Amino acid sequence: MAQPKVTVDSTIEVKPAFGRYDDFFEVLGVKKPGGGGCWCMSYRDSRVSNAERPAYMQRECATAPGPGVLVYVDGEVAGWCSVAPRSTYRRLMNSRTIPFLDERDAWSIVCFVVRAGYRKQGLMHHLLDGAVAHAKENGAEVVEGYPAEVGRERVDVISGYVGTTELFELHGFERASETTGHSGGRERWIMRREL
């Protein structure tokens, strides 16, 4: 089977995950019976067991505004970005490495996932723009992410889920604060964009 490709003729859309659990599952769901996986729960509440994660995320996708956004290429779901108020992420609320910058409940972008076959085709740019638009449409005053500083090095898929400072800068985010957090051994920054 040929790998999907994003071409100049491709239709790319970013939509909220609200009401789209089946597409969320296609990107992040664990297909192997009894298999474990993140299900994008690491920042939300890692105490939720693997067995309970599908139902948890199904409820999240059924509750407005939803837990994030999905990107589609020619109608096929190709990727995911987790974006929601920081207060909905238990790990961020208790983080010792990513500080609060002010009293506002910033919307946090914590994770990108692009399906195999669609990677290295620029979809993270669409996901980031879609995440910002989704946050703004739902009343966010400010949106922030916690990407890794990679410089000219390639970032691996595992640690690259947080995005890069370069990606965020290209989309109007500014470096707001250093953190003591790391991803793949690389320093992470709080990148902010006022809405």
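Refer to the structure printed above.
Note that the structure is predicted; figures quoted are calculated from it, not measured.

Novice: Sorry if this is basic, but what is going on with the sheet that holds strand β6 (residues 174-183) here?
Specialist: Within a sheet, adjacent strands bond to each other through the backbone by hydrogen bonds, running parallel or antiparallel. Spatial ordering of the open sheet is given by β1-β2-β3-β4-β5-β7-β6, a layout of seven strands whose pairing is mixed. With one partner strand each, in any of the chains shown, β1 (12-16) and β6 form the two edges of the open sheet. Within this sheet the neighbouring strands show an average axis-to-axis angle of 25°, counted without direction. Along the sheet, helix α1 (residues 21-28) makes contact with β2 (68-73), β3 (76-85) and β4 (107-114), crossing β3 at roughly 100°. Relative to the sheet, helix α5 (residues 123-137) contacts β1, β2, β3, β4, β5 (142-145) and β7 (186-194), its axis offset from that of β4 by approximately 150°.

Novice: Mind showing me how you'd approach the packing of aromatic side chains here?
Specialist: Think of a pair of aromatic rings as described by two things: how far the centres are apart, and how the planes are tilted against each other in angle. Using the criterion set out here, one finds seven aromatic pairs in the structure. For the pair F25 and W39, a centre-to-centre distance of 5.7 Å together with 45° between the ring planes defines the contact as tilted. Highlighted residues: F25 in helix α1 and W39 in the loop between α1 and α2 (42-45), separated in sequence by 14 residues. Over the ring of F25 we find K31, and its NZ or CZ is 5.0 Å from the ring centre.

Novice: For this particular structure, what's the right way to read the nonpolar core?
Specialist: Soluble globular proteins tend to pack their nonpolar side chains together in the buried interior. Residues F24, M57, L70, W80, L92 and V110 are the most contacted members of the largest nonpolar core, which totals 25 residues. Put simply, the parts of the chain that give this core at least two residues each are α1, α3 (53-62), β2, β3 and β4. Residues contacting M57, with those up to four places away along its chain left out, are Y21, F24, W39, M41, R44 and P67. If you look at the next biggest cluster of nonpolar residues, it comprises 24 residues, including L123, L127, F173 and M191.

Novice: Would you take a moment to explain the pattern of salt bridges for this structure?
Specialist: Side chains that carry opposite charge are capable of pairing whenever their charged atoms lie near each other. Counting across every chain of the model gives ten salt bridges. One continuous salt-bridge network, built from bridges that share partners, spans R86, D102, R104, E141, E144, R192 and E194.

What counts, and where the lines are drawn
Residues numbered from 1 in each chain as written. Predicted model: local features only at pLDDT ≥ 70, side-chain atom pairs only at ≥ 80, totals over all residues. Heavy atoms only, no water. Pairing = 2+ DSSP bridges. Helix = DSSP H or I, 4+ residues; strand = E, 2+ residues; numbered from the N terminus. Axes fitted to C-alpha atoms, helices over the stretch in contact; angles between N-to-C directions. Contact = heavy atoms within 4.5 Å. Phe/Tyr/Trp six-rings, centres within 6.5 Å; stacked < 30°, edge-to-face > 60°. Lys NZ or Arg CZ within 6 Å of the ring centre and 35° of its normal. Core = buried A, V, L, I, M, F, W, Y, C linked by side-chain atoms within 4.5 Å. Buried < 20%, exposed > 50% of the residue type's maximum accessible area, 1.4 Å probe, protein only. Salt bridge = Lys/Arg side-chain N within 4 Å of Asp/Glu carboxyl O.

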